[in-house]
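Working through the structure, step by step
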Amino acid sequence: MSIFSSLNPSLKTLPVYQPGRPIEEVARELGLPAADIIKLASNENPLGPSPLALAAMQNALAHINLYPDGNAFYLKQKLAEKLGVEPKNLILGTGSNEIIEFIGHALMKPGAEVIVSQFCFAVYPIVTHLFGANLITVPARSYGHDLRAMQAAITPQTRVVFVANPNNPTGTLARFEDVLRFINEVPEGVLLVMDEAYVDFLEEPLDLLPMVREDKKPNLILMRTFSKIYGLAGLRIGYGIGHPELIAALEKIRQPFNLNSLAQAGALAALDDAEHLRATRLNNKTGLKFFEHAFQEMNLETVPSAANFILVRVGDGQRVFNELQRRGVIVRPMGGYQLPEWVRISIGTTQENFRCLAALKQVLHL
Ligand SMILES: *Cc1c(COP(=O)(O)O)cnc(C)c1O
């Protein structure tokens, strides 16, 4: 009997996550200098990392011989203060992706159901399948979550519901009233995961923290990340905010030193960098308007975005992705999300946005 017949049976059909293509990889493949390539494919911060975070990490480098603080005391303390919660409401992960995996370990197994929306973040289905749970995909409404239909899809077997708001890859935003009603209607035995990776880009943030503060909702967890507006995607750091008892359970799953020292130091300093956040928000707002306006003029369909990227219907998304890549512009094809006619473009700097648009016009002969 070979080792392969003993593997977790889910691995046989589990899809591999397709990340945005790294600049260096595309440079090697096309024989182009890396400096000539721009990446607008993973919703990263085009202004770079927070300068305060960089300086803090430089300092932390000198102590890299020591294990990190496994409980990330200072970072939790500072985050808790900023959010108006207690450190015991917080769990940190190597990206919020790791929080999703903790949730899988805690609640998913064969027979359990996990509810997501059509066009959801790709990691939810992957983790669900990995743990052998059943994925229930609820049809989207105007490319966004149909929360009423998701509510109706809950059965006695349902253990987890994932809602990203704003959603990735569509950028859609569910209305605050609808989210509040949904939170209140989800049965106590179902964990509702509100993924707030893009919440910092909203002009009027939907503040769900009061529901966590009162410790009244043990079946609600919010997820946030330093990968997007804070510009620290390469550090891998995200967190969950929830009821202390739920957090305590997830803490048992966490590896003792999952958050390395540089990540802790960088994130801690980034929390103080209000100026970087302000500049990033402004750049994003301007860039989003630029693309919306241009696509309207080009008669290309878009989905109204509340995040730092825009989904645009270009015909053959894979062809457009390939052709843009040959011109040194990396975007994200959407075939894996059942949106083969679309590409997703992350908002870049003004210069990057111009270059992307010019290349797209060439490729579409517009
Ligand atoms: C980018 C993103 C995340 C964050 O992932 P990290 O692991 O923190 O880098 C989480 N959820 C959604 C919907 C995202 O788009």
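Refer to the preceding data block for the structure.
Quantities reported herein were computed from a predicted structural model and do not represent experimental measurements.

**Some details on helix 13 (residues 350-363)**
Here helix 13 spans 20 Å end to end across 14 residues, near enough to the 20 Å set by a 1.5 Å rise per residue. Turning to helix 13, its buried residues are Asn353, Cys356, Leu357, Ala359, Leu360 and Val363. Across the axial projection of helix 13, the buried residues extend over an arc of 165°, all falling on one side. Exposed positions of helix 13 whose direction lies more than 90 degrees from the buried face are Gln351 and Phe354. Contacts made by the buried residues of helix 13 are with strand 1 (38-39), helix 11 (274-297), helix 12 (317-326), strand 10 (329-330) and strand 12 (342-346). Looking one or two places after helix 13, you find His365, whose phi comes out positive at around 55°.

**Regarding the pattern of salt bridges**
Applying the stated criterion to the full structure yields 17 salt bridges. With its nearest N and O atoms 2.9 Å apart, the salt bridge here joins Arg224 to Glu196. Placement of the pair is Arg224 in strand 7 (residues 220-225) and Glu196 in the loop between strand 6 (191-195) and helix 8 (209-213), with a sequence separation of 28 residues. Residues Arg224 and Glu196 agree in their burial class; the two are buried. Of the charged contacts in the structure, one is a salt bridge between Glu323 and Arg326, with a shortest N-O distance of 3.2 Å. With Glu323 and Arg326 both in helix 12 and three residues apart, this pair spans about one turn of that helix.

Rules used throughout
Position labels on residues start from 1 in each chain and follow its written sequence. This being a predicted model, a pLDDT of at least 70 is required before a residue's local features are given, and a value of 80 or more before pairs of side-chain atoms are given or counted; all residues contribute to the totals for chains, interfaces and linings. For the side-chain quantities, the full set of heavy atoms in the structure was used; hydrogens and water were omitted. Secondary structure elements follow DSSP: runs of H or I no shorter than four residues count as helices, runs of E no shorter than two count as strands, and numbering proceeds from the N terminus. The length a helix should cover is 1.5 Å for every residue beyond the first. Burial status follows relative accessibility: with a 1.4 Å probe on protein chains alone, a residue under 20% of its type maximum counts as buried, one over 50% as exposed, and anything between as partly exposed. Directions pointing from the helix axis toward each C-beta atom define the arc. Whether two residues touch is decided by their heavy atoms; if any such pair falls within 4.5 Å, the residues are in contact. Salt bridge, as used here: a side-chain nitrogen of Lys or Arg that lies within 4 Å of a carboxyl oxygen of Asp or Glu.

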